[in-house]
Amino acid sequence: MTTSEPAAAVLSRPLLGLGRQQLETWAELQGQPAFRGRQLHDWLYAKGARSLDQITVLPRAWRQQLAAAPPTGAADWIGRSREVHRSVARDGTTKLLLATADGHTIETVGIPAEGRLTVCVSSQVGCPMACRFCATGKGGLQRSLAVHEIVDQVLSVREAMDARPSHVVFMGMGEPLLNSEAVLAAIDCLCTDLGMAQRQITVSTVGVPQTLPRLAELALERLGRAQFTLAVSLHAPDQRLREELIPTAHAYPIGELLADCRRYVAITGRRVSFEYILLGGLNDQPRHAEALARLIRGFQSHVNLIPYNPIAEEEFKRPTPAAVEAFRHALQQCRIAVSVRASRGLDADAACGQLRRRLEASLEPAPAGRS
Ligand code: SAH
């Protein structure tokens, strides 16, 4: 990690998320030689250790001493979660429900596709944005996730699927731009310590006023470059329809959101990707596509169409395949780069936050004493 945290902060939180140098410092602060930090690094990231107990190269007495005094609020120094449920769809898409040390549950999905393994990670427990079509939005926000809880999700998918993740998308539970610091620190860790490429990482946001240009600046400051993809959940071509689907959009006029996206492009030199959920009969007509094309004309961008995944609480409809195709065609006619997201793992409660909502009621709260 390039961030320099004061020693006290490093000593009071789990190790996952710390870089090689920080782990060396950590070991030294404990009166151990620096190479113990390098050993920790290898076991945390390359070997995926779940507890200090497994790191048998470390002196037993030191491990016992550490185990007796875990960091505040955590069960263990490593900071791994506990898997409480797994569902595997026919196409291999693997959805994990993970318990945090304080007993919250979060969703993480591993999506295999030709030569790729994409991990869809959560950035918060719940979400305050309340998008009407989103299952996570129904329960409100519990809290933001810490760096170790984000990195843990990628390691958990690696372990569950016995394969190395190549891509990470922040499209699970939560609004990443309400947790930018931890999200950027996690990206730093995924790239520096797990060897992923920033270009294979996507951060998806529905838009939070005053955060987009700041994210670009923070990324340059913390990561040295901002090469991950920013995906903006637009979902409507005008303010009125957008507010209908995303009530919190009231505080962020669509014109301002687009102006901030342009600033983001200017600072990072990267094009923005716009996500557009297609809701049958609501925003999926050719006239919506044409209005969308007018709105983003001349923008270095790409549109990703997402056919709606039905959730229990809402009466929105899936778009017909013909409507999806007509929408895509209309955008293409206007020379907008467009793709349609294939529905993956529909039989594994694929829509954001669905598995957790279905299982929440039937699950025991996670005991705080396990990792
Ligand atoms: N808060 C961020 C990231 C989480 S949602 C954001 O809104 O971008 C990730 C993507 O999944 C968003 O584009 C979101 O609109 C979409 N999504 C949420 N619920 C969905 C559903 N039921 N069907 C299809 N896509 C959905």
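Heads up: the structure comes first, above all this text.
For clarity, every value in this text was computed on a predicted model and none was experimentally measured.

1. Here's the deal with the site of the ligand
So, step 1. In the vicinity of the ligand there are 22 residues, among which Gly174, Ser204, Ser233, His235 and Asn309 approach most closely.
So, step 2. Take glycine 174: an N or O atom from its main chain is 3.0 Å from a nitrogen atom of the ligand.
So, step 3. Here an oxygen atom of the ligand and a side-chain polar atom of histidine 235 are 2.7 Å apart.
So, step 4. In isolation the ligand exposes 540 Å². Once the protein is present, 95% of that is buried.
So, step 5. Those elements that provide at least two residues to the shell around the ligand are strand E8 (201-205), strand E10 (272-278) and strand E11 (301-307).
So, step 6. Residues of the shell around the ligand, tallied by class, amount to 13 nonpolar, seven polar and two charged.

2. So, the packing of helix H7 (residues 212-223) against helix H9 (residues 254-268)
So, step 1. Relative to each other, H7 and H9 sit at 20 degrees, their axes nearing to 8 Å. Compared by their axis directions, H7 and H9 come out roughly parallel. The crossing of H7 and H9 is right-handed. Residue-level contacts link Leu212, Pro213, Leu215, Ala216, Glu217 and Leu220 of H7 to Leu257, Asp260, Cys261, Arg263, Tyr264, Ile267 and Thr268 of H9.

3. Description of the nonpolar core
So, step 1. The biggest cluster of nonpolar side chains holds 100 residues, and the ones touching the most others in it are Phe133, Ile187, Phe228, Phe274, Val303 and Leu331.
So, step 2. Shared between two domains, this core holds at least three residues of each, these being domain 1 (7-67) and domain 2 (82-363).

About the criteria used
Residues numbered from 1 in each chain as written. Predicted model: local features only at pLDDT ≥ 70, side-chain atom pairs only at ≥ 80, totals over all residues. Heavy atoms only, no water. Near = heavy atom within 4 Å. Polar contact = N/O pair within 3.5 Å; in protein donor to acceptor, adjacent residues only side chain to side chain. Areas by Shrake-Rupley, 256 points an atom, 1.4 Å probe, with all protein chains shown as cover. Helix = DSSP H or I, 4+ residues; strand = E, 2+ residues; numbered from the N terminus. Nonpolar A, V, L, I, M, F, W, Y, C, P; charged D, E, K, R; others polar. Axes fitted to C-alpha atoms, helices over the stretch in contact; angles between N-to-C directions. Parallel < 35°, antiparallel > 145°, perpendicular 65-115°, else oblique. Left-handed = near helix turned anticlockwise from the far one by under 90°. Contact = heavy atoms within 4.5 Å. Core = buried A, V, L, I, M, F, W, Y, C linked by side-chain atoms within 4.5 Å. Buried < 20%, exposed > 50% of the residue type's maximum accessible area, 1.4 Å probe, protein only. Domains from an automatic or database assignment.

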